Amino acid sequence: MALIICKECNERISDKAKSCPKCGYQKKKSNGCFWIFIAITILTILLYLIGSNTDENSETNSMNIYDSAIYYDWRTANSSEFLTLGKIILENDFKVCGEYQVKKLNESEYLIGCTPDGITWHYRTVDINKRKLYYLPPSINEKIKAPR
Ligand SMILES: [Zn+2]
């Protein structure tokens, strides 16, 4: 334990003491809090930047997905797709789905076109990992050509 000189009364006091025992002068607090505050602020800004980048990426991805939803050709599902998608359609109670055609959009997402009567077609994207169906944005929905 080192001794330091009190700035107020010149008494020699311990460097560990928070205040001078003689005059009560409080030593300056360390700047620890200040630096923690700066670190948190910088982290927050970084996280925000990373976050907004991710948002941008996912937006770009979904734009690509919708592009492929519009421009890919319809096809019938192969047997494993037929099973997987069929189950998800049932689970999500997509009742208009009498017959369906597919477009694979990426590793986990399909566009399906379903028709109860061979005339009217309804479209959903399917996320096979989340086992959910999603509506397409109306602007995309109206650009999709019916399978036949
Ligand atoms: Zn003192």
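Residues numbered from 1 in each chain as written. Predicted model: local features only at pLDDT ≥ 70, side-chain atom pairs only at ≥ 80, totals over all residues. Heavy atoms only, no water.

Trainee: Whenever I open this one, the overall build of the chain confuses me. Can you help?
Mentor: Along the backbone of the chain there are three helices and six strands. Sequence-ordered secondary structure for the chain, helices as α and strands as β, is β-β-α-α-β-β-β-β-α. A total of 148 residues make up the chain; the buried ones form 28% of that total. (Helix = DSSP H or I, 4+ residues; strand = E, 2+ residues; numbered from the N terminus. Buried < 20%, exposed > 50% of the residue type's maximum accessible area, 1.4 Å probe, protein only.)

Trainee: What am I meant to see in the side chain of Glu109 here?
Mentor: By secondary structure assignment, the location of Glu109 is in strand 4 (residues 109-115). Within the buried core, Glu109 has no salt-bridge partner, and the shortest N-O distance to an opposite charge, that of Lys130, equals 7.3 Å. With near-sequence residues (within four places) excluded, Glu109 lies in contact with Ile65, Lys103, Lys104, Val126 and Asp127. (Lys, Arg positive; Asp, Glu negative; His and termini not counted. Salt bridge = Lys/Arg side-chain N within 4 Å of Asp/Glu carboxyl O. Contact = heavy atoms within 4.5 Å.)

Trainee: What's the story with the nonpolar core in this structure? I'm lost.
Mentor: Generally speaking, soluble globular proteins have nonpolar side chains that are buried together. Ranked by size, the top nonpolar core spans 13 residues in total, and within it Tyr100 and Ile112 carry the most contacts. Contributions of two or more residues to this core are made by helix 2 (79-91), strand 3 (99-104) and strand 4. Sequence-distant contacts of Tyr100, that is, excluding residues within four places in its chain, are made with Ala77, Glu81, Phe82, Leu85, Gly86, Ile89, Ile112, Gly113 and Cys114. In this structure, Ala69, Ile70, Leu111 and Ile144 belong to the second largest nonpolar core, which totals twelve residues. (Core = buried A, V, L, I, M, F, W, Y, C linked by side-chain atoms within 4.5 Å.)

Trainee: Any chance you could explain the pattern of salt bridges here in plain terms?
Mentor: Side-chain pairs of opposite charge can arise whenever the charged atoms involved come near each other. Enumeration over the complete set of coordinates arrives at five salt bridges. Salt-bridge contacts for Glu11 lead to Lys22; the nearest nitrogen and oxygen are separated by 3.7 Å. Placement of Glu11 in the loop between strand 1 (3-5) and strand 2 (12-14) and of Lys22 in the loop between strand 2 and helix 1 (32-71) is noted, with a sequence separation of eleven residues between them. Assessed through its relative accessible area of 33%, Glu11 is described here as partly exposed. Across the pair Glu91 and Arg131 runs a salt bridge, and its minimum N-O distance is 3.1 Å. Residue Glu91 is found in helix 2, and its partner Arg131 is found in the loop between strand 5 (122-127) and strand 6 (132-134); the two are separated by 40 residues along the sequence.

Trainee: How should the coordination of the zinc ion be read in this particular structure?
Mentor: Under ideal tetrahedral coordination, the four donors around a metal are separated by 109.5 degrees; under ideal octahedral coordination, the six donors are separated by 90 or 180 degrees. The coordination sphere of the zinc ion, as far as protein atoms go, consists of Cys6 (SG), Cys9 (SG), Cys20 (SG) and Cys23 (SG), spread over 2.2 to 2.4 Å. Here the donor residues for the zinc ion map to a single chain with the spacing C-x2-C-x10-C-x2-C. On the accessibility criterion, Cys9 (25% relative accessible area) is partly exposed. (Donors = N, O, S within 2.8 Å, 3.2 Å for Na, K, Ca; no water.)

Trainee: Which parts of the structure should I look at to understand the sheet that holds strand 5?
Mentor: The strands that make up a sheet are held in pairs by hydrogen bonds between backbone atoms, and each pair lies either parallel or antiparallel. Read across the sheet, four strands follow the order 3-4-5-6 without closing on themselves; strand pairing throughout is antiparallel. The sheet is open, and its two borders are formed by strand 3 and strand 6, each paired with just one other strand. The average angle at which neighbouring strand axes cross in this sheet is 30°, direction not considered. Here six bridges tie strand 4 to strand 5, and the two strands are oriented antiparallel to one another. Residue pairing in the sheet places Tyr110 in a bridge with Val126 of strand 5. The sheet strands contacting helix 2 are strand 3, strand 4, strand 5 and strand 6, and the helix crosses strand 3 at an angle near 115°. (Pairing = 2+ DSSP bridges. Axes fitted to C-alpha atoms, helices over the stretch in contact; angles between N-to-C directions.)

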